[in-house]
Amino acid sequence: MLSLIFILGCSDFRDEFRDDIGPSSLSGKRSILKVSYTEAAQRKAAFDEGTPEGHSLTYMEEPRSERKQVYVEIYHDLTYSKQIIYLEPQSDFPADRHVLPDDMPEMKKVIYSDGFARGYDKAGKLILEEPFEDRYWIDPSVFVSIEDAGEYVINTYFDPEAIAEETLEYVRRYSDRFERLGDGSCMAVSQLEPSSFQQEASARTGEAADEVVEEKTYFMPRYGVLYRTEGYTADGTLKDIEHNFYEFTTEGAFVMTSSHYRNRRYSAAYDLSFVEHSDIFFENYKIQANKN
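Residues numbered from 1 in each chain as written. Predicted model: local features only at pLDDT ≥ 70, side-chain atom pairs only at ≥ 80, totals over all residues. Heavy atoms only, no water.

### A word on the overall build of the chain
For the record, the criterion: Only runs of H or I of at least four residues qualify as helices and only runs of E of at least two qualify as strands under DSSP, and these elements are numbered from the N terminus. Only protein chains enter the accessibility calculation, which uses a 1.4 Å probe; a residue is then buried when its area is under 20% of its type maximum, exposed when over 50%, and partly exposed in between. It only takes one pair of heavy atoms within 4.5 Å for two residues to be counted as in contact. Note on areas: Shrake-Rupley with a 1.4 Å probe; residue coverage comes only from the protein chains shown.
Summing up its helical and strand segments, the chain has four helices and 13 strands in all. Out of the 292 residues in the chain, the part that is buried amounts to 45%. A separation of at least 24 residues holds for 52% of the contacts in the chain among residues at least 6 apart in sequence. Taken as a whole, the chain presents about 16300 Å² of accessible surface, with 47% of it coming from carbon and sulfur.

### Points about the environment of S36
As a reminder, the rule being used: Polar contact is the term for a pair of N or O atoms within 3.5 Å; when the atoms are in protein, one must be able to donate a hydrogen and the other to accept it, and sequence-neighboring residues count only if both atoms are side-chain atoms.
By the element assignment, S36 lies in strand β1 (residues 31–47). Looking at S36, the relative accessible area reads 1%, which means it is buried. Between the C-alpha atoms of S36 and Q69, which are 33 residues apart in sequence, the distance is 7.4 Å. Among the polar contacts listed, one links the side chain of S36 to the side chain of Q69, at a separation of 2.7 Å.

### Details of a negative patch on the surface
Quick reminder of the rule: A patch consists of residues exposed above 30% relative accessible area that lack any salt bridge, with like charges linked at up to 9 Å and nonpolar side chains (Val, Leu, Ile, Met, Phe, Trp, Tyr) linked at up to 5 Å. Only one rule defines a salt bridge in this text: a Lys or Arg side-chain nitrogen within 4 Å of an Asp or Glu carboxyl oxygen. Charge counting treats Lys and Arg as positive and Asp and Glu as negative, with His and both chain ends excluded. Positions of charges follow a simple convention, taking NZ of Lys, CZ of Arg, CG of Asp or CD of Glu.
A contiguous patch of negative charge, built from E147, D148, E151 and E166, is present on the exposed surface. By residue number, the principal contributor to the negative patch is helix α3 (residues 146–158), which donates three residues. On the secondary structure map, E147 appears in helix α3. For E147, a relative accessible area of 49% translates into the label partly exposed.

### Observations concerning empty space enclosed by the protein
We apply this condition: With a 1 Å grid laid over protein atoms only, a set of points is called a cavity when a 1.4 Å probe fits there but cannot get out and a pocket when it is open yet has protein on both sides within 12 Å along at least five of seven lines; lining residues have an atom within 4 Å of a point. Grid points are joined across faces, edges and corners, and a volume is the space filled by probe spheres set on the points. Throughout, the ten residues Ala, Val, Leu, Ile, Met, Phe, Trp, Tyr, Cys and Pro are labelled nonpolar, Asp, Glu, Lys and Arg are labelled charged, and all others, Gly among them, are labelled polar.
This model, assessed by the stated rule, comprises one cavity of 30 Å³ or more. Of the volumes computed, that of the largest cavity is approximately 30 Å³. Taken together, S27, K29, Y75, T79, Y80, S81, S113, D114 and D134 form the lining of the largest cavity. Grouping the amino acids of the lining of the largest cavity by side-chain chemistry returns two nonpolar, four polar and three charged.

The structure is reproduced here in structure tokens:
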């Protein structure tokens, strides 16, 4: 239920899609929402000590970026299809200019729909086809009816305040602890099972490497959206964080504009500590809804 809030917003869709949603363009199913946005990501690694050149780890230090045009269709039965078109990078990072050999065609478009993932090269030739499990955009079993679930999806974009408490109640029900903090935000704590993470031996200390065993997530009560996630190790040390930023569009939609992730890691093989950086920016949102 929460994932649908993270990446979508709304504006007039008439420049790009038909007014009548009708049969979708990615599947024969009837759409209740069509969404389009662009996504730009940048990733790099920052090292605590020295540089990784001497360890043949330059690929971790090089900044990388990626741009995508994403189009999503959500259907009446709450399954969905997605199309991703990979755009040319706008950075000067050397890693972004790497050209694949002629015998390795580059994927330029991927469509996930009707149980298959199909990838195409720049000429439109099919170069990948494999099964893809149809998934629900949100779980319909937690709603009274499929119609109620569809209305919830639409309200997420057009009236998030109306469903904020419903979303937070779902979070409370499925977290180990839920509380409203003094600053007005809400916090949910989930304790991960020991079997859900794997510890590695540290070349430096001989002890088990720190891994996330507990997650804390923070929500904006007014809109019911997740804005921060923190991961903690067994001794209570903060290991990774993800922070999301939102704003209202000129059309009045509440959308995520960016998401920022930091993760401290240690390589036992090279005895190096570093922090992974990932910054993703979302823009050019468009959405068309069919409430009938």
